[in-house]
Amino acid sequence: SRIRPGSHLTLEREPGVRPHLLGHVSSAADSPELGHPIALAFVEDGREREGETLHAQFPLYEEAVAVTVTSSVFVDPEGTRLHA
């Protein structure tokens, strides 16, 4: 499924439910490195939510996509490729 920029981040899975907004997706793209979509988002208490599953709801099309909050450094976090 596609993560759309502008999606609302919520705990609720069902589109159309009036959710408690935790943040929003500012941009999204396919990652050739990881082989799946990634997104940049602003999330309430983001660092404390690492590993948590949220839902990116896009109300215009009544879509919801499950997303996992990760660290902002998720490719080569040790820097081994950078310092090779």
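Summary of the structure given here. (Residues numbered from 1 in each chain as written. Predicted model: local features only at pLDDT ≥ 70, side-chain atom pairs only at ≥ 80, totals over all residues. Heavy atoms only, no water.)

**Digging into empty space enclosed by the protein**
Then step 1. Applying the stated criterion to the full structure yields 1 cavity of 30 Å³ or more.
Then step 2. Roughly 30 Å³ of internal volume is contained in the largest cavity.
Then step 3. As for the largest cavity, its lining consists of R2, I3, R4, S7, A56, F58, E63 and V65.
Then step 4. Elements supplying a minimum of two residues to the lining of the largest cavity: β4 (53-58) and β5 (63-68). (1 Å grid on protein atoms, 1.4 Å probe; cavity = no way out; pocket = protein on both sides within 12 Å on 5 of 7 lines; lining within 4 Å. Points joined across faces, edges and corners; volume = space filled by probe spheres on them. Helix = DSSP H or I, 4+ residues; strand = E, 2+ residues; numbered from the N terminus.)

**Brief notes about the environment of A28**
Then step 1. Assignment of secondary structure puts A28 in strand β2 (residues 23-31).
Then step 2. A relative accessible area of 32% places A28 in the partly exposed class.
Then step 3. Along the sequence, A28 and I3 sit 25 residues apart, while their C-alpha atoms lie 6.3 Å from each other.
Then step 4. Residues in contact with A28, not counting those within four places in the same chain, are I3, P5, I38 and A39. (Buried < 20%, exposed > 50% of the residue type's maximum accessible area, 1.4 Å probe, protein only. Contact = heavy atoms within 4.5 Å.)

**Considering the pattern of salt bridges**
Then step 1. Evaluated as defined, the whole model comprises 2 salt bridges.
Then step 2. Among the ionic pairs, E63 bridges to R4, the shortest N-O distance being 2.6 Å. You can see E63 sitting in strand β5 and its partner R4 sitting in the segment before β1 (8-10), a full 59 residues away along the chain.
Then step 3. The salt bridge partner of E52 is R49, with a shortest N-O separation of 3.0 Å.
Then step 4. Accessibility expressed as a relative area gives 14% for R49, which makes it buried. (Salt bridge = Lys/Arg side-chain N within 4 Å of Asp/Glu carboxyl O.)

**A look at the packing of aromatic side chains**
Aromatic rings in a pair are described by how distant their centres are and how their planes are angled relative to each other.
Then step 1. According to the stated counting rule, one finds 1 aromatic pair in the structure shown.
Then step 2. Aromatic pair F58 and Y61: ring centres 5.5 Å apart, planes at 35°, arrangement tilted. (Phe/Tyr/Trp six-rings, centres within 6.5 Å; stacked < 30°, edge-to-face > 60°.)

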